[in-house]
Structure formats: C-alpha cells, structure tokens
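What follows is the residue order along each chain.
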Amino acid sequence: MSVSRLAKIVMVLGLSAFAFMVTFNNITDYDSNFEFVKHVLSMDTTFPGNKGMYRAITSPTLWTLGYWGIILGEGLTCVLLLIGAIEMLRALGRPPQEFDASKRFVIAGATLGFLVWFFGFMVVGGEWFLMWQSGTWNGQTAAFQFYMSMLAVLLFVNQPERA
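What you see is a predicted model; the values in this text were computed from it and never measured.

## Section: the environment of Trp117
Mapped onto the fold, Trp117 is located in helix H5 (residues 104–128). Look at Trp117 and you get buried, because its relative accessible area is 2%. On a C-alpha basis, the gap between Trp117 and Ala143 in space is 5.2 Å, while along the polypeptide they are 26 residues apart. Leave out the neighbours within four places in its chain, and Trp117 touches Phe18, Val22, Glu74, Thr77, Met122, Ala143, Phe146, Tyr147 and Met150.

Structural data, given as structure tokens:
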C-alpha cells in the first residue's frame with residue numbers, strides 16, 4: 001500500500017471536510033455571513049469618495065443571488081472532492097494509470113475551490129468591489145489561506161503515480 005496515495009486521499013478528504021464546514025456554516029449562520037456579502041457588494045466600508053463606487057450593488061435580490069452562488073460553489077467543491085477521494089480510495093491498489101485516472105473529480109473540485117476563493121474573493125470581491133479597502137468586511141487573508149491549500153493539495157495529488 002502506497003503511503004503517497006494514502007496521503008493524497010487523506011488530504012483530499014481534509015479539503016472536502018473544510019468545504020463542507022464552510023458550506024454548513026454559511027447555511028446555518030446565514031444572516032451573519034449574508035451581512036459579509038451585503039457589505040462587500042455594497043462597498044459601504046471602502047474608502048470614502050473612491051472612484052470605484054459605481055460598481056456597488058445595493059439590490060437585496062442581487063446580494064442574495066451572489067450569496068447563493070458562493071454557497072453553491074462551496075458545496076459543489078465539497079461534493080466533487082468527496083467523490084474524488086472515494087474514487088481514489090477505490091483505485092488505491094490499482095496500477096498507476098488507473099489511480100491517476102481516479103483523480104479527475106479531485107482536479108475538478110480543487111479547481112472549483114480555487115475559483116471560489118481566488119476568483120470570487122480575491123478578484124471579484126477584493127479588486128472589483130475593493131474589499132481590500134475595508135477594515136471590517138475583508139476576507140482576503142482567509143481566502144488566501146483557503147485557495148493556497150487547494151492549490152497545494154491539487155499540485156500534490158496531480159503528481160503522476162509511479163509503478
């Protein structure tokens with residue numbers, strides 16, 4: 001039994017558990033986390049008089065759709081990573097080519113997680129909605145930790161298996 005393969009499966013399960021907890025928290029503490037999305041999209045805590053305020057979204061409907069999109073992305077990340085871990089577990093003792101093929105859901109899940117936390121929180125939230133200007137509603141540090149973890153596991157898992 002390959003320790004490397006087991007490590008890959010355990011790390012993917014860890015990412016899946018993380019994505020589950022984030023999704024679970026966003027659903028069970030909906031209002032607190034909705035406030036975060038509302039303030040970021042409204043840009044109401046960015047620097048006063050900044051020239052990017054034309055980007056602000058003040059529609060509760062759009063806040064809700066944005067938040068649901070985030071929750072959907074996080075939940076789908078969890079599911080894809082869990083399926084990926086199960087697929088890798090099933091291929092644990094199989095030849096390297098089969099184990100490599102079992103990684104497709106992990107690659108999809110980690111890529112989606114990267115898109116949620118890098119593209120969603122850093123590009124859209126951080127730069128488009130200028131979240132970096134807010135001392136109160138700024139999730140960039142946490143998002144960085146999340147997408148770097150996704151990236152690190154993705155790089156490790158995606159290493160080809162040896163015979």
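## Brief notes about a nonpolar patch on the surface
Together, Leu13, Leu82 and Ile86 make up an exposed nonpolar region whose accessible area comes to about 230 Å². Tracing the backbone shows Ile86 in helix H3 (residues 60–90). Relative accessible area serves as the criterion here: at 37%, Ile86 is assigned to the partly exposed category.

## Some points on the nonpolar core
Counting 34 residues, the largest nonpolar core has Val12, Leu81, Met88 and Trp117 as its most contacted members. Those elements giving two or more residues to this core turn out to be helix H1 (3–28), helix H2 (30–42), H3, H5 and helix H6 (140–157). Here Leu81 is in contact with Val12, Leu15, Ser16, Phe105, Val106, Gly109, Ala110 and Met150, once residues within four sequence places are set aside.

## Observations regarding H1
Taking 1.5 Å per residue as the helical rise, H1 with its 26 residues ought to reach 38 Å, and the 37 Å between its terminal C-alpha atoms agrees with that figure. Of the surrounding elements, those touching the buried residues of H1 are H2, H3, helix H4 (96–101), H5 and H6. The backbone nitrogen of Ser4 lies 3.3 Å from a side-chain oxygen of the residue at the head of H1, namely Ser2.

## Structural notes on the side chain of Thr46
Inspection of the secondary structure puts Thr46 in the loop between H2 and H3. Take Thr46: its relative accessible area is 11%, and that puts it in the buried class. Within the structure, Thr46 has its side chain in polar contact with the backbone oxygen of Met43 (distance 2.9 Å). Every residue in contact with Thr46, bar those within four places of it in the chain, is listed here: Met53, Phe129, Leu130 and Gln133.

Definitions and limits used
Sequence positions are assigned chain by chain, starting from 1 and proceeding in written order. Two thresholds apply to this predicted model, a pLDDT of at least 70 for residue-level local features and 80 or more for giving and counting side-chain atom pairs, whereas whole-chain, interface and lining totals are computed over all residues. Just so you know, side-chain values use all the structure's heavy atoms and leave hydrogens and water out. Each helix corresponds to a stretch of at least 4 residues labelled H or I by DSSP, and each strand to a stretch of at least 2 residues labelled E; elements are numbered beginning at the N terminus. The buried label goes to any residue with under 20% of its type's maximum accessible area, the exposed label to any with over 50%, and the partly exposed label to all in between, with areas taken from a 1.4 Å probe on protein chains only. Any two residues whose heavy atoms approach within 4.5 Å at even a single point are treated as in contact. Every patch collects residues that have over 30% relative accessible area and no salt bridge, joining them within 9 Å if they carry like charges and within 5 Å if they are nonpolar side chains (Val, Leu, Ile, Met, Phe, Trp, Tyr). Working definition of accessibility: Shrake-Rupley area with a 1.4 Å probe, residue cover restricted to the visible protein chains. The term salt bridge refers to a side-chain nitrogen of Lys or Arg lying within 4 Å of a carboxyl oxygen of Asp or Glu. Side-chain atoms within 4.5 Å link the members of a nonpolar core, which is a set of buried Ala, Val, Leu, Ile, Met, Phe, Trp, Tyr and Cys residues. Residue count minus one, scaled by 1.5 Å, sets the expected span of a helix. Contacts described as polar in this section are N or O atom pairs within 3.5 Å, which, within protein, must combine one atom able to donate a hydrogen with one able to accept it, while residues neighboring in sequence count only if both atoms come from side chains.

Coordinates in, geometry out; function isn't part of it.
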